[in-house]
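# Remarks on the overall topology
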Amino acid sequence: MLAMNFRGPYQIRPDRNRPMPEIEHPYDAIVRVTRSLVCGSDLHLYHGLVPDTRVGMTFGHEFTGIVEEIGSGVQNLEVGDHVLVPFNIACGTCPFCKQELYGNCHEANSEATAVGGFFGYAHTGGGYDGGQAEYVRVPYADVSPIKIPEGMDIEDAVLLTDVVPTGYQAAEQAGIQKGDTVVVFGAGPIGIMAARCAWFFGAGRVIIIDHIDYRLEFAKKYSYCEAYNFKEMNDPVVFVKKLTDWYGADVCIDAVGCEAVGHGLQDITGRMLLQAGSGTALHWAVNSLKKGGILSIIGVYGPPWNLAPIGSIMNKGITVRANQASVKRLLPKLIDHVMSGRLNPKGIISHRIPLEEVSDAYRMFSKKLDNIIKPLLIPPRAFAA
Ligand SMILES: NC(=O)c1ccc[n+]([C@@H]2O[C@H](COP(=O)([O-])OP(=O)(O)OC[C@H]3O[C@@H](n4cnc5c(N)ncnc54)[C@H](O)[C@@H]3O)[C@@H](O)[C@H]2O)c1
Ligand SMILES: [Zn+2]
Ligand SMILES: [Zn+2]
């Protein structure tokens, strides 16, 4: 079959000779992928920043597909079902799944102490191959995948596997109160969706900060927010303080994570591996908050080490809320938002690219070329789906 194949940092290629995945466990399903997406999280893999990303791995944790085969224990799915598959691999029965912390399943990646199980996310994420392929093995198939609701556009469905729940959770865990000023760092798909969803929780003002103008322009329209370029500011923290009578924002959302740019020292310490990537957005967010404010971290940081500004967090009384998104928990509510037209997920897809051209998709997304916001990959035999 055809699948993307990781050959090393900045080197991926379409591989036509990947072995077909097989049922390995009674709870597995094999899914023929109809659509998949490339995520900012894939860029951390592509850039060689995630430990134990092995040559030969297939990435892709955002996908829809048609069930081709099921294991003997699968009860909720049937061959022929068209499903959307949340990016978290979750067993459904461990204490964390029971608390609906599906991004923190104890079983799906049982050797890791911090990280849950994810499709196509290195051996750090459990070593599962992902959905930027024609076929993929879906473990615990009864737990997270659901049939795409009737009448839902497949492009909306595929965005419900990560971007929409992640953006929504970023806003939800931020504890936004009516009238709050919310500052979102990062105008990628996740930041854009977080800014859009902040309004659901009663935000009074939503501000997004990035350094890529076309993304800021897009965010203004899509998320109905103010948008500012940090390259045009002397200091983003002072900028936010000025906008908020010098108190600081009620809520900051870090939708950037460990590949933040904008601060030389952070960049250098990140590159020299003195920390796991750069903490620039994290620092800006903490310092832009008012005393007693809430920091929602949805951008990904590696578990091991970053120079977090704990002194400011402590002395300002900041509450930090962070996690991988718990997609399954949020799906019922978000399906309702999509079906009723309150959310338009597919509006953020900027590029529709054949899976054969997956290398170009990564290159463009990594370099932010051609006004790219979110690239969709279409496997060769899925055009008709
Ligand atoms: N927690 C989760 O469940 C989850 C799920 C999906 C993605 N993520 C993470 O969310 C983050 C964003 O994902 P994405 O798909 O939007 O990625 P993306 O790469 O498209 O967007 C990141 C944006 O941040 C901007 N940026 C860089 N440095 C900045 C800074 N200092 N201040 C403000 N903006 C800055 C970039 O210009 C870019 O537009 C990534 O870290 C990704 O791994 C987390
Ligand atoms: Zn993703
Ligand atoms: Zn579990």
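Residues numbered from 1 in each chain as written. Chains lettered and ligands numbered in written order. Predicted model: local features only at pLDDT ≥ 70, side-chain atom pairs only at ≥ 80, totals over all residues.

The name that an unreviewed UniProt entry assigns to the chain is Glutathione-dependent formaldehyde dehydrogenase, with the source organism given as Chryseosolibacter histidini.

### A word on helix H12 (residues 358-367)
Residues of H12 that are buried: Val358, Ala361, Tyr362 and Phe365. Axial view of H12: buried residues confined to an arc of 95°, hence all on one face. Those residues of H12 hidden inside the fold are in contact with strand S1 (3-8), strand S2 (11-15), helix H1 (40-46), strand S16 (351-354) and strand S17 (375-378). Trailing H12 by a residue or two, Lys368 shows a phi angle of about 55°, which is positive. (Buried ≥ 20, exposed ≤ 12 C-beta atoms within 10 Å, placed from the backbone. Helix = DSSP H or I, 4+ residues; strand = E, 2+ residues; numbered from the N terminus. Arc of directions from axis to C-beta. Contact = placed C-beta atoms within 7 Å.)

### Section: the UniProt feature "domain: Alcohol dehydrogenase-like N-terminal" (unreviewed entry) in the chain
What UniProt calls "domain: Alcohol dehydrogenase-like N-terminal" (unreviewed entry) maps, in this numbering, to residues 26-146. Its end C-alpha atoms 18 Å apart, residues 26-146 is made of 9% helix and 25% strand. (UniProt positions renumbered as here; feature names shortened; annotations may be inferred.)

### A look at the pairing of S16
Both S16 and S17 contribute to a ladder of four bridges, which runs parallel. By the bridge assignment for S17, His351 is matched with Pro375. For the crossover from S16 across H12 to S17, the handedness is right-handed. (Pairing = 2+ DSSP bridges. Right-handed = clockwise from strand over helix to strand, strands pointing away.)

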